[in-house]
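What follows is each chain in one-letter form.
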Amino acid sequence: MKYKNASDVLPENLLKEVQKYAAGETLYFPKDKERKQWGESSGARAFFQQRNEEIRQKHAQKNSVERIAEEYCLSAETVRKIIFR
């Protein structure tokens, strides 16, 4: 992350006001727009949502937790967490 001097970016009156609260501190100003959730940009979120739905469907079709865990290379405990969420 590249830092900028606040005096180069902020108007004088705003700079003075910020200095009252955080003079000499390093501040981070987040972007105004909302952040994306984990995995939205890469597609990982959609992949795992689809996988988890498939796991729930297989369980509803009376497949055992152990069989589903083996098929998806997950622990039985992880499969149970997905099913009962």
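This write-up is about the structure you can find in this document. Within any chain, residue numbers begin from 1 and follow the written order of that chain's sequence. Under the rules for a predicted model, residues below a pLDDT of 70 receive no local features and side-chain atom pairs below 80 are neither given nor counted, while totals for whole chains, interfaces and linings still include all residues. Only heavy atoms go into the side-chain values, all of them from the structure, while hydrogens and water stay out.

Let's talk about the layout of surface pockets
Okay, step 1: Taken as a whole, the largest pocket encloses approximately 610 Å³ of empty space.
Okay, step 2: Helical segments are the DSSP runs of H or I of at least four residues, strand segments are the runs of E of at least two, and each set is numbered from the N terminus. Contributions of two or more residues to the lining of the largest pocket are made by α1 (6-9) and α2 (12-22).
Okay, step 3: Ranked by the residues each element gives to the lining of the largest pocket, the list is headed by α2, at 4 residues. Here a cavity means grid points, on a 1 Å grid over the protein atoms only, where a 1.4 Å probe fits yet cannot get out; a pocket means an open set of points with protein on both sides within 12 Å along at least five of seven lines; lining residues are those with an atom within 4 Å of a point. Grid points are joined across faces, edges and corners, and a volume is the space filled by probe spheres set on the points.

What about the nonpolar core?
Okay, step 1: Of all hydrophobic cores here, the largest spans 8 residues; its members are I55, V65, I68, A69, Y72, V79, I82 and I83.
Okay, step 2: Residue assignment for this core shows that the elements contributing at least two residues are α4 (65-72) and α5 (76-83).
Okay, step 3: The leading source of residues in this core is α4, at 4 residues.
Okay, step 4: In this structure, Y72 is in contact with R51, E54, I55 and K58, ignoring residues within four places of it in sequence. In this description, a nonpolar core means a group of buried Ala, Val, Leu, Ile, Met, Phe, Trp, Tyr and Cys residues linked to one another through side-chain atoms lying within 4.5 Å. Buried means the residue's accessible area, taken with a 1.4 Å probe over protein chains only, is under 20% of the maximum for its type, while exposed means over 50%, and partly exposed covers the values in between. Any two residues whose heavy atoms approach within 4.5 Å at even a single point are treated as in contact.

Quick notes on the packing of aromatic side chains
Okay, step 1: Ring pairs shown here join Phe, Tyr and Trp side chains whose ring centres sit within 6.5 Å, with only the six-membered ring taken for Trp; geometry is labelled stacked below 30 degrees between planes, edge-to-face above 60, and tilted in between. For the structure on display, the rule yields 2 aromatic pairs.
Okay, step 2: Each ring, one from F47 and one from F48, has its centre 5.1 Å from the other, and the planes form 75°; the classification is edge-to-face.
Okay, step 3: Overall, F47 belongs to the partly exposed group, its relative accessible area being 48%.
Okay, step 4: Judged by relative accessible area, which is 32%, F48 ranks as partly exposed.
Okay, step 5: By way of ring pairs, the aromatic residues W38, F47 and F48 are connected into one cluster.

Description of the packing of helix α3 (residues 44-60) against α4
Okay, step 1: Taken N-terminus to C-terminus, the directions of α3 and α4 make an angle of 150°; their axes are 10 Å apart at the nearest point. When the axes of α3 and α4 are compared, the pair comes out roughly antiparallel. Where α3 crosses over α4, the two elements pack in a sense that is right-handed. Taking contact as the criterion, the partners of R51, E54, I55, K58 and H59 in α3 are, on α4, V65, I68, E71 and Y72.
Okay, step 2: Its residues assigned to classes, the contact of α3 with α4 shows 4 nonpolar, 1 polar and 4 charged. Angles run from 0 to 180 degrees between N-to-C directions of axes, and those axes are lines fitted to C-alpha atoms, restricted for helices to the stretch in contact. When an angle is under 35 degrees it counts as roughly parallel; over 145 it counts as roughly antiparallel; between 65 and 115 it counts as roughly perpendicular; any other value is oblique. Definitions for this section: a left-handed crossing has its near helix turned counterclockwise from the far helix by less than a right angle. A right-handed crossing has that turn clockwise. Residue type decides the class: Asp, Glu, Lys and Arg count as charged, Ala, Val, Leu, Ile, Met, Phe, Trp, Tyr, Cys and Pro as nonpolar, and the leftover types, Gly among them, as polar.

Some details on the environment of L15
Okay, step 1: Along the polypeptide, L15 turns up in helix α2.
Okay, step 2: It is 45 Å that separates the C-alpha atoms of L15 and F48, two residues lying 33 residues apart in sequence.
Okay, step 3: The residues contacting L15, other than those within four sequence positions of it, are A6, S7 and L10.

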